[in-house]
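This is what each chain is made of:
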Amino acid sequence: MTDHASASTKLTIDNSGGVESWISQLEKCKILSVYDLSSLCSSAKQVLIQEPTLKHVSSPVTVCGDIHGQQPDLKELFQIAGKIPDTNFLFMGDYVDKRFYSIETVCWLLALKIRYPCRVTILRGNHECRNVTQVYGFYDECLNKYTGMGSKVWSLLTDVFDYLPLLAVIDNDIICMHGGLSPSLPHLNSLNTIDRFQETPHEGPMADIMWSDPEEITGWGLSGRSCGYLWGRDTTSNFVHSNQLKLVCRAHQLVMDGYTWCHDKQVLTVFSAPNYCYRCGNQAAFMNVHSTDELQLLQFDAVSRPNASEDNTRRPDYFL
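Here is a short report on the structure shown in this document. Just so you know, the residues in each chain are numbered from 1, in the order the chain's sequence is written. Since the coordinates come from a predicted model, pLDDT governs what is reported: local features require at least 70, and pairs of side-chain atoms require 80 or more to be given and counted, while whole-chain, interface and lining totals use all residues. Side-chain metrics in this entry use all non-hydrogen atoms of the structure; hydrogen atoms and water are not considered.

### Considering the pairing of strand 6 (residues 174–177)
- Partly exposed residues are those whose accessible area sits between 20% and 50% of the maximum for their type, while under 20% is buried and over 50% is exposed, using a 1.4 Å probe and protein chains only. Helix and strand assignments follow DSSP, with helices taken as H or I runs no shorter than four residues and strands as E runs no shorter than two, numbered in order from the N terminus. Residue alternation in strand 6 divides its side chains into two sets, Ile174 and Cys176 and Ile175 and Met177, and both sets are buried.
- Two strands qualify as a pair provided that DSSP identifies no fewer than 2 bridges between them. Where strand 5 (residues 167–170) meets strand 6, four bridges bridge the pair, whose relative direction is antiparallel. Across the sheet, the residue bridging to Ala168 is Cys176, located in strand 6.
- The turn joining strand 5 and strand 6, which pair antiparallel and follow one another in sequence, is formed by three residues; a positive phi near 50° is taken by Asp171.
- Pairing analysis gives four bridges linking strand 6 to strand 10 (residues 247–250), with the strands arranged parallel. Within strand 10, the position partnered with Cys176 by the bridge is Cys249.

### Overview of the nonpolar core
- Side-chain atoms within 4.5 Å link the members of a nonpolar core, which is a set of buried Ala, Val, Leu, Ile, Met, Phe, Trp, Tyr and Cys residues. Ranked by internal contacts, the top residues of the largest apolar core, which has 47 residues, are Leu37, Phe78, Phe91, Tyr95, Leu110 and Leu157.
- We call two residues in contact whenever any of their non-hydrogen atoms come within 4.5 Å of each other. Filtering out sequence-adjacent residues up to four positions away, Phe91 remains in contact with Cys64, Leu74, Phe78, Leu109, Val120, Thr121, Ile122 and Leu123.
- One finds Leu167, Leu185, Met210 and Leu245 within the second-largest nonpolar core, a separate group that totals 27 residues.

### Overview of helix 4 (residues 71–81)
- Along helix 4, the positions that sit buried rather than exposed are Gln71, Pro72, Asp73, Leu74, Leu77, Phe78 and Ala81.
- Downstream of helix 4 by a residue or two, Gly82 has a phi angle that is positive, lying close to 115°.

### Regarding unusual backbone geometry
- The omega angle of the peptide bond from Ser59 to Pro60 is 0°, so this bond is cis rather than trans.
- Relative to the helices and strands, Pro60 resides in the loop between strand 1 (54–57) and strand 2 (61–64).
- With an omega of 15°, the peptide bond running from Ile84 to Pro85 counts as cis.
- For Pro85, the position within the fold is in the loop between helix 4 and strand 3 (89–91).

### Description of helix 5 (residues 102–115)
- Look at helix 5: 20 Å from first C-alpha to last across 14 residues, which is about the 20 Å you get at 1.5 Å a residue.
- Across the 14 residues of helix 5, 13 count as buried, placing the element largely inside the fold. Expected span, for any helix, means 1.5 Å times one less than how many residues it has.

### Things to note about the state of the cysteines
- Disulfides are defined as pairs of cysteine sulfur atoms found within 2.5 Å of each other. Enumeration according to the criterion identifies zero disulfides in this entry.
- With no disulfide of its own, Cys129 lies 8.7 Å from the sulfur of Cys227, the closest cysteine sulfur.
- Classification of Cys129 by relative accessible area gives buried; the value is 6%.

### What about the sheet that holds strand 9 (residues 229–231)?
- Reading across from one edge, 7-9-8 is the order of the three strands in this open sheet, with mixed pairing throughout. Both edges of this open sheet fall to strand 7 (213–214) and strand 8 (220–222), since each of them pairs with a single strand only.
- Relative to strand 9, strand 7 runs parallel, the two being bridged by two bridges. When the sheet's bridge partners are listed, Pro214 is paired in strand 9 with Trp231.

### Structural notes on the sheet that holds strand 2
- An order of 4-3-2-13-14 is seen for the five strands of this open sheet, with the pairing classed as mixed. Of all the strands in the sheet, just strand 4 (120–122) and strand 14 (294–300) have a single pairing partner and so form its edges. Geometrically, the sheet is characterised by an average inter-axis angle of 20° between neighbouring strands, direction not taken into account.
- Taken together, the four bridges between strand 2 and strand 13 (residues 284–291) define a ladder with antiparallel strand orientation. Of the residues in strand 13, the one forming a bridge with Cys64 is Phe286. The convention used is that axes are lines fitted to C-alpha atoms, helices contributing only their stretch in contact, and that angles between N-to-C directions extend from 0 to 180 degrees.

The following block contains the structure:
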């Protein structure tokens, strides 16, 4: 790992001019050339391979949920929450699919990660997956925006997804992941058994971390998503106690106010895509963690709908 760290540090410094150019271009919602995108993916993998599956993060940090290709709304989030590197960010997955600007969104976040690796944490969501992106829009977007090279672009970016960490813990008190808990993972020490450098499997703890949902039940239940589980208040309580945590923070579910508490305020869902799919009318939210005893939840609304051609492609009407 020492060799990886040295190579990445040198890469970030030597390529800082290129990365700054990528960031500027992507902030304007303009795609990179295939050559630059390939360089970005290579650089991102060198940075991400150094990070553990469970990343330790210190406060203060701003925690964000699903983005789903809504790049103009991500730009608005940065305007409200603060820009990188002045503000530390932790993103909990689902950067792609559903909307028009998945490529610009995920590339922007990866470029920021390369430029400011200690300021940005990017976790994997259930949509950072080859199977899901072939159904919910990202693959088609790559084909449409990179004529003749779309499959290559999609492959380059989905390969990077395999390198993303699965969880982060803030000040050893707040555990963050995209989906939720797993019956195969009662203690965080069990994460050592997970090989994250692969396509998301259909079952097992890695799948559960990205697909599970909290519910008002006892114990564990079957999920209607056909992947992951539902877990109850008692399961949350046991998990928090056995891992000496204060809070489980996750994304994955549309909530109309942008955030919602459950399980005696031991679980918090954060959703950061306002007016999801430009038709849900929901607010979005993010959480400022000043310290683990001082949390601030802020809501924001969608910017004007981007000037994009209407996407009439029929996809499964299922809010993953």
